[in-house]
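# Fold and contact review
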Amino acid sequence: MVGDSQPFELSAGNDPDWRHLPWISMLLFALLWAIVVEFVSRYLMYKRQRVLADLRAQFSELTRLNTMGEITAGMVHELNHRLLRF
(Lines give C-alpha, C1' and ligand atoms only; values in the text may rest on other atoms or scores of the structure.)
Protein backbone atom coordinates (compact mmCIF):
# COMPACT_ATOMS: atom_id res chain seq x y z
CA MET A 1 0.00 0.00 0.00
CA VAL A 2 1.43 3.33 -1.10
CA GLY A 3 0.77 6.30 1.09
CA ASP A 4 1.18 10.02 0.66
CA SER A 5 4.70 9.82 2.14
CA GLN A 6 5.88 7.58 -0.69
CA PRO A 7 5.10 9.29 -3.99
CA PHE A 8 6.02 7.49 -7.17
CA GLU A 9 6.47 9.54 -10.29
CA LEU A 10 7.34 8.10 -13.67
CA SER A 11 8.05 10.15 -16.72
CA ALA A 12 9.10 8.98 -20.16
CA GLY A 13 10.04 10.80 -23.28
CA ASN A 14 11.56 10.39 -26.72
CA ASP A 15 14.42 12.83 -26.18
CA PRO A 16 16.95 11.59 -23.58
CA ASP A 17 19.29 14.12 -22.03
CA TRP A 18 22.68 12.75 -23.10
CA ARG A 19 24.61 15.43 -21.25
CA HIS A 20 23.57 14.15 -17.82
CA LEU A 21 24.73 10.58 -18.33
CA PRO A 22 27.79 9.50 -16.28
CA TRP A 23 30.12 9.28 -19.27
CA ILE A 24 33.38 9.19 -17.29
CA SER A 25 32.29 6.38 -15.00
CA MET A 26 30.92 4.39 -17.96
CA LEU A 27 34.22 4.89 -19.81
CA LEU A 28 36.25 3.85 -16.78
CA PHE A 29 34.07 0.79 -16.28
CA ALA A 30 34.51 -0.23 -19.93
CA LEU A 31 38.27 0.35 -19.68
CA LEU A 32 38.47 -1.77 -16.53
CA TRP A 33 36.64 -4.63 -18.21
CA ALA A 34 38.87 -4.36 -21.28
CA ILE A 35 41.95 -4.66 -19.05
CA VAL A 36 40.48 -7.63 -17.18
CA VAL A 37 39.59 -9.41 -20.42
CA GLU A 38 43.08 -8.75 -21.82
CA PHE A 39 44.84 -10.14 -18.73
CA VAL A 40 42.60 -13.20 -18.58
CA SER A 41 43.13 -13.95 -22.27
CA ARG A 42 46.91 -13.56 -21.89
CA TYR A 43 46.88 -15.87 -18.86
CA LEU A 44 44.88 -18.52 -20.73
CA MET A 45 47.18 -18.22 -23.77
CA TYR A 46 50.26 -18.63 -21.55
CA LYS A 47 48.65 -21.64 -19.85
CA ARG A 48 47.89 -23.28 -23.24
CA GLN A 49 51.45 -22.65 -24.43
CA ARG A 50 52.82 -24.22 -21.23
CA VAL A 51 50.61 -27.29 -21.65
CA LEU A 52 51.73 -27.65 -25.29
CA ALA A 53 55.39 -27.34 -24.28
CA ASP A 54 54.92 -30.05 -21.64
CA LEU A 55 53.21 -32.32 -24.17
CA ARG A 56 56.03 -31.78 -26.66
CA ALA A 57 58.60 -32.66 -23.99
CA GLN A 58 56.70 -35.84 -23.10
CA PHE A 59 56.41 -36.76 -26.77
CA SER A 60 60.15 -36.26 -27.27
CA GLU A 61 60.91 -38.47 -24.27
CA LEU A 62 58.58 -41.19 -25.53
CA THR A 63 60.14 -40.96 -28.99
CA ARG A 64 63.63 -41.40 -27.51
CA LEU A 65 62.48 -44.38 -25.44
CA ASN A 66 60.80 -45.95 -28.46
CA THR A 67 63.94 -45.51 -30.56
CA MET A 68 66.09 -47.06 -27.83
CA GLY A 69 63.67 -49.99 -27.65
CA GLU A 70 63.84 -50.53 -31.40
CA ILE A 71 67.65 -50.41 -31.38
CA THR A 72 67.76 -52.85 -28.45
CA ALA A 73 65.33 -55.21 -30.16
CA GLY A 74 67.46 -55.11 -33.32
CA MET A 75 70.63 -55.82 -31.37
CA VAL A 76 69.01 -58.73 -29.50
CA HIS A 77 67.74 -60.12 -32.77
CA GLU A 78 71.20 -59.94 -34.36
CA LEU A 79 72.86 -61.51 -31.30
CA ASN A 80 70.35 -64.34 -31.23
CA HIS A 81 70.74 -64.86 -34.96
CA ARG A 82 74.55 -64.99 -34.71
CA LEU A 83 74.53 -67.23 -31.62
CA LEU A 84 72.18 -69.71 -33.24
CA ARG A 85 74.56 -70.05 -36.22
CA PHE A 86 77.34 -71.46 -34.02
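So, a few notes on the structure that sits alongside this text. Just so you know, these numbers come straight off a predicted model, no measurement behind them. (Residues numbered from 1 in each chain as written. Predicted model: local features only at pLDDT ≥ 70, side-chain atom pairs only at ≥ 80, totals over all residues. Heavy atoms only, no water.)

## Points about the packing of aromatic side chains
- Under the counting rule described, the total for this entry stands at two aromatic pairs.
- The interplanar angle of 75° and the centroid separation of 6.3 Å between the aromatic rings of Phe 29 and Trp 33 together place this pair among those described as edge-to-face. Here Phe 29 pairs with Trp 33, and both are found in helix α1 (residues 23–85), just four residues apart, close to one helical turn. (Phe/Tyr/Trp six-rings, centres within 6.5 Å; stacked < 30°, edge-to-face > 60°. Helix = DSSP H or I, 4+ residues; strand = E, 2+ residues; numbered from the N terminus.)

## Side note on the pattern of salt bridges
- With the rule as written, the count across this model stands at four salt bridges.
- One salt bridge connects Arg 42 with Glu 38, and the closest N-O pair in it is separated by 2.6 Å. On the criterion of helical spacing, the pair formed by Arg 42 and Glu 38 is a turn pair, its members being four residues apart in helix α1.
- A salt bridge links Asp 54 to Arg 50, with the nearest nitrogen and oxygen atoms 2.9 Å apart. Of the two residues, Asp 54 and Arg 50 are both situated in helix α1; the distance of four residues between them amounts to about one turn of the helix.
- The class for Asp 54 is partly exposed, based on a relative accessible area of 36%. (Salt bridge = Lys/Arg side-chain N within 4 Å of Asp/Glu carboxyl O. Buried < 20%, exposed > 50% of the residue type's maximum accessible area, 1.4 Å probe, protein only.)

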